[in-house]
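Topology and contacts: notes
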Amino acid sequence: MTTNLSISKIIGAQLLHEGPELSVAYLSTDSRSIVSGLETLFFALVTQRNNGHNYIRNAYNKGVRSFVVSDSSKKYDKYADATIMKVDDTLEAFQQLAAAMRQDFKGNVIGITGSNGKTIVKEWLSELLVDDYRIIRSPKSYNSQIGVPHSVWLLNNDADMAFLEAGISQPGEMEKLEEIIRPRYGIITNIGEAHQSNFESVEQKVEEKLKLFRNSEVVIYRKDYPAVDSAIKKMVEENGIVPISWSMMDETADLFIYFVQKIPEGCGIIGQVGEKQYAISIPFSDDASVENAITCLAALIAIGKDQDQILERFSTLQPIAMRLEIRQGINQCIIINDSYNSDLSSLSIALDTLDQQASEDFMPKTLILSDIYYSSKPDEELYAEVAQLVKLRAVERFIGIGLNLKRYRDLFADSAQFFSSTADFLTKLPAMGLNNEVILLKGARDFHFDQIASMLQDKAHETVLEIDMSAMVENLNYFKSKLKPETKIMVMVKAFSYGSGMAEIARLLEFHQVNYLAVAIADEGVALRKAGITLPIVVMNPEQHSFDMMFEHLLEPNIYSKRLLEQFLTSAQRNALSNFPIHVKIDTGMKRLGFESEGELQYLLEKVKRGNVLHIKSVFTHLSASDDPGEDNFTQLQFHRFEKLAKIIQENTDHHVLKHVLNSAGIERFPNSQYDMVRLGIGLYGISHISDEEVQNVSTLKTTISQIRTVPKGETIGYGRAGVAASDMQIATLPIGYADGFNRRLSNGKGKVWVNGKLAPVVGTVCMDMCMVDITGIETKEGDRVIVFGKEYPATEMAKALDTIPYEIFTSISQRVKRVYFQE
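What counts, and where the lines are drawn
Residues numbered from 1 in each chain as written. Predicted model: local features only at pLDDT ≥ 70, side-chain atom pairs only at ≥ 80, totals over all residues. Heavy atoms only, no water. Helix = DSSP H or I, 4+ residues; strand = E, 2+ residues; numbered from the N terminus. Rg over C-alpha atoms; globule rule 2.2 N^0.38 Å. Buried < 20%, exposed > 50% of the residue type's maximum accessible area, 1.4 Å probe, protein only. Contact = heavy atoms within 4.5 Å. Areas by Shrake-Rupley, 256 points an atom, 1.4 Å probe, with all protein chains shown as cover. Lys, Arg positive; Asp, Glu negative; His and termini not counted. Charge placed at Lys NZ, Arg CZ, Asp CG, Glu CD. Pairing = 2+ DSSP bridges. Axes fitted to C-alpha atoms, helices over the stretch in contact; angles between N-to-C directions. Right-handed = clockwise from strand over helix to strand, strands pointing away. Core = buried A, V, L, I, M, F, W, Y, C linked by side-chain atoms within 4.5 Å. Polar contact = N/O pair within 3.5 Å; in protein donor to acceptor, adjacent residues only side chain to side chain. pLDDT = per-residue confidence, 0-100. Patch = residues over 30% accessible without salt bridge, like charges linked within 9 Å, V, L, I, M, F, W, Y side chains within 5 Å. Salt bridge = Lys/Arg side-chain N within 4 Å of Asp/Glu carboxyl O. Nonpolar A, V, L, I, M, F, W, Y, C, P; charged D, E, K, R; others polar. Phe/Tyr/Trp six-rings, centres within 6.5 Å; stacked < 30°, edge-to-face > 60°. Lys NZ or Arg CZ within 6 Å of the ring centre and 35° of its normal. Parallel < 35°, antiparallel > 145°, perpendicular 65-115°, else oblique. Left-handed = near helix turned anticlockwise from the far one by under 90°. Disulfide = S-S within 2.5 Å.

**Some thoughts on the overall build of the chain**
Counting its regular elements, the chain contains 26 helices and 39 strands. Against the globule reference of 28 Å for 824 residues, the chain gives a C-alpha radius of gyration of 31 Å, in line with a compact fold. Viewed in the frame of its principal axes, the chain has a C-alpha envelope of about 100 × 70 × 55 Å. For the chain, the residues scored as buried account for 55% of the 824 residues in total. When contacts within the chain are restricted to residue pairs at least 6 apart in sequence, long-range pairs at least 24 apart make up 65% of them. Looking at the chain as shown, the accessible area adds up to about 36,600 Å², and 46% of this sits on carbon and sulfur atoms. For the chain, the separation between the mean place of its 86 positive charges and that of its 107 negative charges on side chains is 4 Å.

This is the structure we're talking about:
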């Protein structure tokens, strides 16, 4: 058993404070991702961008009681029950611990490095071997100075082999990773120009990368790269390492590939080693996938795992979700966002994707490219090659962003457009007429191409939804006052935060230290992560296609059925995850979603216990009628059912599982059933189920008067002539209609708006973008503000007119309606 005190000895730490000896199951360098605090050791890493010492309090509040620190100026006496280990360098200590863990691993370790293809080769090798061997692999692209120790911590002697990535960005880094990984077998993939500016030459970069294999027995590589071939020959002479090479050009290679046939559905590949022939087929035809597949084949041959049943699996390899994203864009465009890095090699690969997307729909191709930072080539030579690539790939529209590209604009076609900066480009974007084309975004990080990817259009609509942030805080504090000090709060921000705007509301809630956020679908959670939200986020309606996004952005699913459990567990296993938090929903009477029997829960528990892939963070249910006193007996029955089923989960789990049941109405009406956490929803937005005087109005939908006219008696108004003037009347036309969320059923007097202190009824039929109201007898003029709902005319009144609930009113407000936030 590894404990905090035994780790202290491994890393040679000074104990500033010695708390209880605790078992350590998890290492954390990010307080946002802590799962089980007491079993977690938190390393306060100091990087160029951040300082982990600033998050010790956050980690402590999540239950962590074991810390490795390097800043002795901080005051740690407030963590009296914690073990504080002082080292000179927390990153070095983190790596030292990982190296010690690696020494205990008995299986084969395969180290993988290179510029491109590391993750795909790792994932494909794992996929090819997983049915026959127990595999551990680096999660995603955990290949950095911080990522590798996290990967090595996953090693255990139940596994037969481990595939670990290693990546570097400058000289001197690989030696540290080699001491941690210590691979028996080494694989070096494609060598591109990423981070090339940090190396004197390609040769130096290759030599640095190959230091990963200085103590290895075998190295697998492509002989067609002269710099790699030369460096490995040198290693053979100095270290006695056994080289296993493959080539498409050199018949002296150990594996010579002499036949490659590409078809739209994939590719057939035939090669030979001595007299033995190998034939595989893959469901991809791009050059990068062919190269990665052959590297995998060479690796399987080298480690003696080249049996026919394994080679047959090449035909069913799955595409690996990397950083490149393809999304629908405005004006029927397709957006390919590959702005993670920018070098010539990766540009060529990304252009393959551009070709594929354009060919499927016969759409014109557009490339938006920033200056390329990572290249050893002189600028003129570099951009001449870029221009040649653009020409060869028949890119119809080329847009260059950056001073270097602008300097070499003469190398490109006359139709190419150039801008000095992203900001400069964004000012011209609306007038560029991007329409029905495939657009590849390829930019260095410093150019912030995420702003281009967003392609947000300014909403100049005269109808706005004002959000009173001060009132929202007051409402939050009101519901907090109903809770015990130890009760946690999860706030529902699904459906665009009940129409109020997700990121802005989430930031406010994070500042005021709520414990959890909940969204409906993964896309909402991803939007919050991209907006910088670090709070734990629960996805209430997880969908299979979004699982990878959820893993990447640490979004925790609501698991409500056997089918969903199996889907999520399978995906988590494929991503080599461990103890990923889930939330289990129990159906106690809503009859919508959830497990509802002891047998179903036993099935869930058996699945979760196997392999420690998932971690049950909470169990909850949904009350059907918490706002209705007439249904209190049924609500009490739901509490009883919940406690009975939640007990089964707790008794079969070795950690405390949070329990939560109450929604906004429940918080107000059932104070004795708070359990560990409550879920605050509509109450935050100003709706109380006890008294409207207890909460403040948050949302005010406003518009303006576009035109005023007098309608003679007997004239009709609007579509279908549905409105008839009973007498001479004045009407005002408002720029709000059902496309904005002003329901069409509010036509002909059913709906009202507040105009200069008086209610004005709707006349005629509500149109898509407009409606008309009767302002007879109201002193007003064109341009005056009109309140559709707000403090003066609450949303609850509009809901009554429509025989619905305020939820529908709030969430129906279209996103074309601009949100305006203010604070008193």
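**Considerations on the sheet that holds strand β13 (residues 266-273)**
Taken in spatial order, the nine strands line up as β7-β8-β6-β9-β10-β11-β12-β13-β14 in an open sheet, and their pairing is mixed. This sheet does not close on itself; its edge strands, each paired only once, are β7 (135-137) and β14 (276-282). The average angle at which neighbouring strand axes cross in this sheet is 20°, direction not considered. Two strands pair when backbone bridges link them, and strand β9 (residues 185-188) and strand β10 (residues 218-222) are joined in this way by three bridges, in the parallel orientation.

**Regarding the sheet that holds strand β1 (residues 14-17)**
Taken together, the five strands give an open sheet; going across it, the order is β1-β5-β4-β3-β2, and neighbouring strands pair in mixed fashion. Of all strands in the sheet, those with a lone pairing partner are β1 and β2 (26-28), marking the two edges. Neighbour-to-neighbour, the strand axes of the sheet open up by a mean angle of 25°, direction not taken into account. For β1 and strand β5 (residues 83-86), the ladder comprises three bridges, and the chain directions are antiparallel.

**Here's the deal with the pairing of strand β23 (residues 516-519)**
Both faces of β23 are covered, namely the face carrying Tyr516 and Ala518 and the face carrying Leu517 and Val519. As for the winding sense of the linkage, the β-α-β connection from β23 through helix α19 (residues 522-530) to strand β24 (residues 537-539) is right-handed.

**Comments concerning the nonpolar core**
Generally speaking, soluble globular proteins have nonpolar side chains that are buried together. If you look at the biggest cluster of nonpolar residues, it comprises 102 residues, and the most contacted ones within it are Leu517, Leu614 and Phe742. Counting residues per element, this core draws most heavily on helix α16 (residues 469-480), which supplies seven residues. Residue contacts for Leu517: discarding those within four places in its chain leaves Met490, Val491, Val493, Ala506, Leu509, Leu528, Ile533, Leu535, Pro536, Ile537 and Val538. Formed by 48 residues, the second largest nonpolar core is a distinct cluster that contains Val87, Ala100, Ile188 and Phe213.

**Structural notes on the side chain of Asp229**
Position of Asp229 among the secondary structure elements: in helix α8 (residues 226-239). Overall, Asp229 belongs to the buried group, its relative accessible area being 10%. Within the structure, Asp229 has its side chain in polar contact with the side chain of Lys223 (distance 3.5 Å). Leaving out residues up to four positions away in the same chain, Asp229 has contacts with Tyr221 and Lys223.

**A word on the confidence of the model for the chain**
Mean pLDDT over the chain: 88, with 92% of residues reaching 70 or higher. Contacts for the low-pLDDT stretch residues 456-460, under 50 throughout, to residues beyond four places or in other chains number six contacts.

**Some thoughts on the pairing of strand β12 (residues 255-263)**
The sheet contact formed by strand β11 (residues 242-247) and β12 spans two bridges and is parallel. Along β12, the bridge assignment pairs Ser247 with Phe256. Note: β12 against β13, seven bridges, orientation antiparallel. Within β13, the position partnered with Gln261 by the bridge is Gly268. Connecting the antiparallel pair β12 and β13 is a turn made up of two residues.

**Brief notes about a nonpolar patch on the surface**
A cluster of nonpolar side chains, Met248, Met249 and Val260, forms an exposed patch at the surface whose accessible area comes to about 270 Å². Positionally, Val260 belongs in strand β12. Its relative accessible area of 34% is what places Val260 among the partly exposed residues.

**A look at the pattern of salt bridges**
If you walk through the whole model with that rule in mind, you get 31 salt bridges. Two residues, Lys122 and Glu123, come together in a salt bridge whose shortest N-O distance is 3.2 Å. The same class applies to Lys122 as to Glu123, namely buried.

**Describing α19**
Along α19, the residues classified as buried are Ala522, Glu524, Gly525, Val526, Leu528 and Arg529. Immediately beyond the C-terminal end of α19, within one or two residues, lies Gly532, with a positive phi of roughly 95°.

**Digging into the packing of helix α3 (residues 90-103) against helix α6 (residues 174-181)**
Between α3 and α6, the shortest axis-to-axis distance is 7 Å and the interhelical angle comes to 35°. Between α3 and α6, the residues in contact are Gln95, Ala98, Ala99 and Arg102 and Lys176, Glu179, Ile180 and Ile181, respectively. In the contact of α3 with α6, the residues fall into four nonpolar, one polar and three charged.

**Side note on a negative patch on the surface**
Taken together, the side chains of Glu203, Glu207, Glu237 and Glu238 present a region of like negative charge at the surface. The set of elements that each furnish at least two residues to the negative patch consists of α7 (202-210) and α8. For Glu203, the location among the structural elements is in helix α7.

**A closer look at the packing of aromatic side chains**
Tallied over the full model, the rule gives 19 aromatic pairs. Between Phe43 and Phe94, the aromatic rings sit 4.9 Å apart at their centres with planes inclined by 50°, giving tilted as the arrangement. Taken together, the residues Phe43 in strand β3 (residues 40-43) and Phe94 in helix α3 connect sequence positions 51 residues apart. Across the pair, exposure class does not vary: Phe43 and Phe94 are buried alike. With a centroid separation of 5.2 Å and 55° between ring planes, the pair formed by Phe551 and Phe568 is classed as tilted. Of this pair, Phe551 sits in helix α20 (residues 547-552) while Phe568 is found in helix α21 (residues 562-574), placing the two residues 17 residues apart along the sequence. With respect to burial, Phe551 and Phe568 carry one shared label: buried. Taken together through their ring pairs, the aromatic side chains of Phe42, Tyr60, Phe67 and Tyr79 make up a single cluster. In this structure, Arg222 packs its charged tip against the face of Tyr225, placed 5.5 Å from the ring centre. Across the ring face of Tyr603, the terminal group of Lys562 is positioned such that the distance to the ring centre comes to 4.8 Å.

**So, the packing of helix α4 (residues 118-129) against helix α9 (residues 287-302)**
Following both chains from N to C, one finds α4 and α9 inclined at 55°, their axes separated by 10 Å at the closest point. Looking at the two axes, α4 sits oblique to α9. Judged by the twist between their axes, the crossing of α4 over α9 is right-handed. Contacts from Ile120, Val121, Trp124, Leu125, Leu128 and Leu129 of α4 reach α9 at Ser289, Asn292, Ala293, Thr295, Cys296, Ala299 and Leu300.

**Here we look at the environment of Gln388**
Along the chain, the position of Gln388 falls in helix α12 (residues 379-392). Gln388 sits in the partly exposed class, given a relative accessible area of 40%. For the pair formed by Gln388 and Leu411, sequence separation is 23 residues and the distance between their alpha carbons is 8.7 Å.

**What about the state of the cysteines?**
Evaluated as defined, the whole model comprises zero disulfides. Its sulfur unpaired, Cys296 is 14 Å from the next cysteine sulfur, which belongs to Cys267. Overall, the relative accessible area of 0% leaves Cys296 in the buried class. Of the cysteine sulfurs around Cys767, a residue in no disulfide, the closest is that of Cys771, at 7.8 Å.

**What to know about a positive patch on the surface**
Taken together, the side chains of Arg57, Lys74, Lys75 and Lys78 define a basic patch exposed on the protein surface. Position of Lys74 relative to the elements: it lies in the loop between β4 (66-69) and β5.

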